[in-house]
Amino acid sequence: MPSASALSPADELLTLRDLVRYAVTRFSQARLTYGHGTTTALDEAAFMMLEGLSLPVDELGPWLDARLTRPERERLIGLIEARIATRKPAPYLVGRAYIQGVPFRVDERVIVPRSYLGEMMMTGALTQDGAGPIPEPFEVTRVLDLCTGSGCLAILAAMAYPNAAVDAVDLSKDALEVARLNVADHEMEDRVHLVAGDLFKPLAGRRYDLIIANPPYVAQAEVNAFPAEYRAEPVMAHLGGADGLDIVRRILATAGDHLTPEGGLLCEIGTGRDILEAEFDLPFLWLDSAESEGEVFWLSAADLAGE
């Protein structure tokens, strides 16, 4: 019988409950940083363990006392140790992230998706019946997703607006390769069209009922101070210039030329509300989500035209 010192965690941690408890302890001791879909050591552990076992990630309880095979235990312990050693966000280690329960492939070529816009579109909070600003879903026929990254918001837009064709633009060809995989996974090839280019430049005057944008909006000083987990993501997906709003300004300058008369722009900007309101004489409508306040704005085509 091996001595206690020779035992590995896989010898003693037999159930999912054991592995989750072990992960929480290890993560807390390592003082990891969260924010890529989870906010606590427990949530991070639960996500990694469930995804690592190909189990539904929305409910831990039914599986807690399930005994795991040794290969399963070794795999999960490997994920725990990799999370600590690499400081990479958990979705990179398991290759998947979720928005509103919808799965998306992710790797280091794209930012880990966590936009508030997904919640807003999928919960119907933006429609007129929900006291929101945009037309009913079936009335939206053309959508543009700027800075699409993994393609997650473009795909969610196609789900939320069933009559819409969606153009999804990104400057990063690497990101578009990941987006292409996600579009195929969700069988959206006929509805989501990926476009390489810089914002509106490749769109040749096309107009849309809805433009959604989750552009890079982090200020340079904040990027410089990122913890390791955030440094693992592509810097171009975060950096928005000295105050974070360079790309937002470019979008505001041109979006009106690409909207139908009844259309509008939905844009996530982080914490730059005061800067935008001081700089632009526009009637920003600030929208809240379950986890954000004043970080997303809506402007109609008429607003942008000064009507």
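The structure we're discussing is the one just above.
Residues numbered from 1 in each chain as written. Predicted model: local features only at pLDDT ≥ 70, side-chain atom pairs only at ≥ 80, totals over all residues. Heavy atoms only, no water.

1. So, the overall build of the protein
If you tally the helices and strands in the protein, you get 13 helices and nine strands. Its C-alpha atoms give the protein a radius of gyration of 21 Å, near enough to 19 Å, the size a compact globule of 307 residues would have. Principal-axis analysis of the C-alpha atoms gives the protein an extent of 80 × 40 × 35 Å. Partitioning the intrachain contacts of the protein with sequence separation of at least 6 by distance along the chain shows that 66% fall at a separation of at least 24. With an accessible surface of roughly 14200 Å², the protein has 50% of that area assigned to carbon and sulfur atoms. With 26 positive and 47 negative side-chain charges, the protein shows a spacing of 9 Å between the two charge centroids. (Helix = DSSP H or I, 4+ residues; strand = E, 2+ residues; numbered from the N terminus. Rg over C-alpha atoms; globule rule 2.2 N^0.38 Å. Contact = heavy atoms within 4.5 Å. Areas by Shrake-Rupley, 256 points an atom, 1.4 Å probe, with all protein chains shown as cover. Lys, Arg positive; Asp, Glu negative; His and termini not counted. Charge placed at Lys NZ, Arg CZ, Asp CG, Glu CD.)

2. Some details on the state of the cysteines
Inspection of the entire model under this criterion finds zero disulfides. In this structure Cys 147 is not part of a disulfide, and its nearest cysteine sulfur, from Cys 267, lies 8.4 Å away. What makes Cys 147 partly exposed here is its relative accessible area of 23%. (Disulfide = S-S within 2.5 Å. Buried < 20%, exposed > 50% of the residue type's maximum accessible area, 1.4 Å probe, protein only.)

3. Concerning helix H2 (residues 16–30)
Its 15 residues place the ends of H2 21 Å apart at the C-alpha level, agreeing with the 21 Å of an ideal helix rising 1.5 Å per residue. Taken as a whole, H2 has its buried residues at Leu 16, Leu 19, Val 20, Tyr 22, Ala 23, Phe 27 and Ala 30. Viewed end-on, H2 has its buried residues packed into an arc of 165°, placing them on one side of the element. Here the buried face of H2 lies against helix H1 (9–12), helix H3 (41–52) and helix H4 (70–86). Where H2 ends, the next residue or the one after it, Arg 31, has phi of about 55°, a positive value. (Expected span 1.5 Å × (residues − 1). Arc of directions from axis to C-beta.)

4. What to know about the sheet that holds strand S9 (residues 296–300)
One open sheet accounts for seven strands, arranged S5-S4-S3-S6-S7-S9-S8; its pairing is mixed. Looking at the sheet topology across the chains shown, the edges are occupied by strand S5 (192–196) and strand S8 (285–287). The mean inter-strand angle of the sheet, taken between neighbouring strand axes irrespective of direction, is 20°. As paired elements, strand S3 (residues 142–146) and strand S4 (residues 165–170) share five bridges and run parallel to each other. Bridge pairing in S4 links Asp 145 to Ala 168. Its contacts with the sheet put helix H7 (residues 152–160) on S3, S4, S5 and strand S6 (208–213), and the angle it makes with S4 is roughly 170°. Where helix H8 (residues 173–185) meets the sheet, it contacts S4 and S5, and its direction lies at approximately 170° from that of S5. (Pairing = 2+ DSSP bridges. Axes fitted to C-alpha atoms, helices over the stretch in contact; angles between N-to-C directions.)

5. Here's the deal with the environment of Leu 117
Structurally, Leu 117 is set in helix H6 (residues 116–122). For Leu 117 and Ala 290, which are 173 residues apart along the polypeptide, the C-alpha to C-alpha distance reads 11 Å. Here Leu 117 is in contact with Leu 153, Ile 212, Ala 213, Asn 214, Leu 266, Glu 268 and Val 296, once residues within four sequence places are set aside.

6. Quick look at helix H11 (residues 246–254)
Buried within H11 are the following residues: Ile 247, Val 248, Ile 251 and Leu 252. Along the axis of H11, the buried positions cluster into a sector of 140°, meaning they face one direction only. Looking at the buried side of H11, the elements it contacts are S3, S6, strand S7 (259–268), helix H12 (273–279), S9 and helix H13 (301–305).

7. Topic: the nonpolar core
Grouped together as the largest cluster of nonpolar side chains are 31 residues, with contacts concentrated most on Met 121, Val 143, Tyr 161, Val 192, Leu 210, Ile 212 and Leu 266. Elements supplying a minimum of two residues to this core: strand S2 (102–105), H6, H7, S4, S6 and S9. Top contributing element to this core by residue count: H7, with eight residues. Sequence-distant contacts of Val 192, that is, excluding residues within four places in its chain, are made with Ala 154, Ile 155, Ala 158, Val 166, Ala 168 and Val 183. (Core = buried A, V, L, I, M, F, W, Y, C linked by side-chain atoms within 4.5 Å.)

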